[in-house]
Amino acid sequence: MALEHPGAATQTRIHDIGYRNYDGPRLGRTYATRSLYSQSLRGAYGLGRSVKSKVLPMLLFVVMCVPAAIMVAVAVATKANDLPVDYTRYAIIMQAVISLYVASQAPQSVSRDLRFKTVPLYFSRPIETADYVRAKFAALASALFALTAAPLLVLYVGALLAELDFADQTKGFAQGLVSVALLSLLFAGIGLVIAAVTPRRGFGIAAVIAVLTISYGAVSTLQAIADAQGSTDAIAWIGLFSPVTLIDGLQTAFLGASSAFPGGIGPSQGEGVVYVLLTLGLIAAAYGLLLRRYKKVGL
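Just so it is clear, the model here is predicted, and its values are computed rather than measured.

Would you mind showing me how to read the pattern of salt bridges here?
Where charged atoms from two side chains of opposite charge approach closely, those side chains can pair. Overall, the coordinates contain four salt bridges when judged by the stated rule. Among the salt bridges present, the one from Arg29 reaches Glu128, with a minimum N-O distance of 3.8 Å. Taken together, the positions of Arg29 in helix α1 (residues 28-43) and Glu128 in the loop between α5 (119-123) and α6 (129-161) put the pair 99 residues apart, joining distant regions of the chain. Residue classification places Glu128 among the partly exposed positions, given a relative accessible area of 42%. The closest approach of N and O atoms between Arg29 and Asp131, which form a salt bridge, is 2.8 Å. Of this pair, Arg29 sits in helix α1 while Asp131 sits in helix α6, and the two are 102 residues apart along the sequence. The partly exposed category is assigned to Arg29, whose relative accessible area is 36%.

Sorry, what's going on with the confidence of the model for the protein here?
Any region with low pLDDT has predicted coordinates that should not be read closely. Looking at the protein as a whole, the pLDDT averages 90, with 92% of positions reaching at least 70. Per-element confidence in the protein ranges from a low mean pLDDT of 77 for α5 to a high of 97 for helix α7 (residues 166-196).

Looking at this model, I keep getting lost on helix α10 (residues 243-254). Mind explaining?
Think of an α-helix as 3.6 residues a turn; residues three or four steps apart then line up on the same face. Its twelve residues place the ends of α10 17 Å apart at the C-alpha level, agreeing with the 16 Å of an ideal helix rising 1.5 Å per residue. Counting buried residues in α10 gives eleven out of twelve residues, a clear majority hidden from the surface. Every buried residue of α10 is listed here: Pro243, Val244, Thr245, Leu246, Ile247, Asp248, Gly249, Leu250, Gln251, Thr252 and Ala253. Where α10 ends, the next residue or the one after it, Gly256, has phi of about 70°, a positive value.

Looking at this model, I keep getting lost on a negative patch on the surface. Mind explaining?
On the surface, Asp82, Asp86, Asp165 and Asp168 cluster together into a negatively charged patch. With respect to the element layout, Asp86 can be found in the loop between α2 (51-78) and α3 (87-93).

In this structure, what is going on with the packing of aromatic side chains? I would like to understand it.
Given two aromatic rings, one states the distance between the centres and the angle between the planes to describe the pair. According to the stated counting rule, one finds six aromatic pairs in the structure shown. Ring geometry for Tyr45 versus Phe61: centroids 6.1 Å apart, planes at 85°, classification edge-to-face. Here the residue Tyr45 occupies a position in the loop between α1 and α2, and Phe61 occupies one in helix α2, the gap between them amounting to 16 residues. Among the residues examined, Tyr45 registers a relative accessible area of 10% and is labelled buried. Geometrically, the ring pair formed by Tyr87 and Phe173 is edge-to-face, given 6.0 Å between the ring centres and 65° between the ring planes. Of the two residues, Tyr87 sits in helix α3 while Phe173 sits in helix α7, which places them 86 residues apart along the sequence. These aromatic residues form a ring-pair network of at least three members: Tyr45, Phe61 and Tyr101.

Which parts of the structure should I look at to understand the environment of Gln95?
Looking at the element boundaries, Gln95 is found in helix α4 (residues 95-115). With a relative accessible area of 11%, Gln95 lands in the buried category. In the structure, Gln95 is positioned 23 residues away from Val72 in sequence and 20 Å away in space, judged by C-alpha atoms. Once residues lying within four places of it in the same chain are set aside, the contact partners of Gln95 are Tyr216 and Val244.

How should I be thinking about the packing of α7 against α10 in this particular structure?
Geometrically, a packed helix pair is captured by the angle between its two axes and the distance between the axes. The contact between α7 and α10 brings their axes to 10 Å, and the two run at 155°. With respect to α10, the element α7 is oriented roughly antiparallel. Along this stretch, α7 crosses α10, giving a crossing that reads as right-handed. In this structure, α7 contributes Ser179, Leu182, Leu183, Leu186, Phe187 and Ile190 to the contact, and α10 contributes Pro243, Val244, Leu246, Ile247, Leu250 and Gln251. Each residue belonging to the contact of α7 with α10 can be placed in one class, and the counts come to ten nonpolar, two polar and no charged.

Please explain the packing of helix α8 (residues 201-228) against α10 as it appears in this structure.
Two elements in contact, α8 and α10, have axes separated by 7 Å at closest approach and are oriented at 60°. In this view, α8 runs oblique relative to α10, as classed from their interaxial angle. On α10, the residues touching Val211, Leu212, Ser215, Tyr216, Val219 and Gln223 of α8 are Pro243, Val244 and Thr245. Grouping the constituent residues of the contact of α8 with α10 by class yields six nonpolar, three polar and no charged.

The rules we used
- Residues numbered from 1 in each chain as written.
- Predicted model: local features only at pLDDT ≥ 70, side-chain atom pairs only at ≥ 80, totals over all residues.
- Heavy atoms only, no water.
- Salt bridge = Lys/Arg side-chain N within 4 Å of Asp/Glu carboxyl O.
- Helix = DSSP H or I, 4+ residues; strand = E, 2+ residues; numbered from the N terminus.
- Buried < 20%, exposed > 50% of the residue type's maximum accessible area, 1.4 Å probe, protein only.
- pLDDT = per-residue confidence, 0-100.
- Expected span 1.5 Å × (residues − 1).
- Patch = residues over 30% accessible without salt bridge, like charges linked within 9 Å, V, L, I, M, F, W, Y side chains within 5 Å.
- Areas by Shrake-Rupley, 256 points an atom, 1.4 Å probe, with all protein chains shown as cover.
- Lys, Arg positive; Asp, Glu negative; His and termini not counted.
- Charge placed at Lys NZ, Arg CZ, Asp CG, Glu CD.
- Phe/Tyr/Trp six-rings, centres within 6.5 Å; stacked < 30°, edge-to-face > 60°.
- Contact = heavy atoms within 4.5 Å.
- Axes fitted to C-alpha atoms, helices over the stretch in contact; angles between N-to-C directions.
- Parallel < 35°, antiparallel > 145°, perpendicular 65-115°, else oblique.
- Left-handed = near helix turned anticlockwise from the far one by under 90°.
- Nonpolar A, V, L, I, M, F, W, Y, C, P; charged D, E, K, R; others polar.

So, in structure tokens, the structure goes:
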């Protein structure tokens with residue numbers, strides 16, 4: 001039979017280990033959403049992450065800017081009367097680099113949260129589904145805008161150094177910024193939707209490349225066939241089926257750009273209205289699909 005120590009009852013203590021309720025300021029949803037946006041934007045260029053994570057986005061950023069710097073150097077050295085390429089054409093020429101950037105960074109932005117099931121942790125705080133989607137969408141679109149606008153800025157500064165006409169260059173630069181802003185929203189939406197339904201990063205990268213690159217190749221081929229057969233009226237309508245040609249047609253109709261379509265035949269302003277509506281519709285649809293996807297994940 002065990003004997004109870006006579007002082008056991010008197011030795012029982014409840015210790016105050018110093019925990020107390022938080023009584024500081026509560027910053028709420030806006031601060032949390034802004035922090036998620038900032039963290040996602042930094043992550044799109046590998047900032048705050050390992051050196052390995054910085055290599056590809058920084059390399060692609062350099063690849064986007066180097067041709068612009070070379071064009072500027074040539075224009076200054078030869079005292080050219082204009083830049084070798086229009087501001088609105090630059091992103092179309094470099095669309096393969098832009099597509100690769102989206103393919104690499106869209107899955108990085110959302111796939112890990114889905115794969116490791118950390119999304120519900122975000123929603124356990126004041127942040128809501130719409131806040132998460134807006135932050136991720138805005139972050140990738142901002143990263144893409146930085147990628148596509150930086151070479152345009154290089155071209156613009158170079159044009160001013162070459163003493164080209166200030167008014168013409170400013171107008172062209174502004175048109176280029178509008179074009180890449182729409183491109184950034186469209187590509188970010190498409191990339192995030194694809195990445196959100198393919199939690200494995202490798203599958204997401206392949207799917208984004210397929211949608212952006214293969215669709216452009218297929219549409220360009222069909223347009224070339226239509227041009228060869230004399231069906232020039234069909235060229236503009238075929239351009240509606242690829243994100244790259246969609247932006248190309250839109251800026252041709254309303255931003256004074258020269259068309260990259262076969263024969264230089266871009267959409268008319270009437271057809272351009274369809275391009276605008278479809279572009280805005282795809283951006284809105286991407287946002288809506290992301291909301292629907294994350295409402296299910298949050299459960």
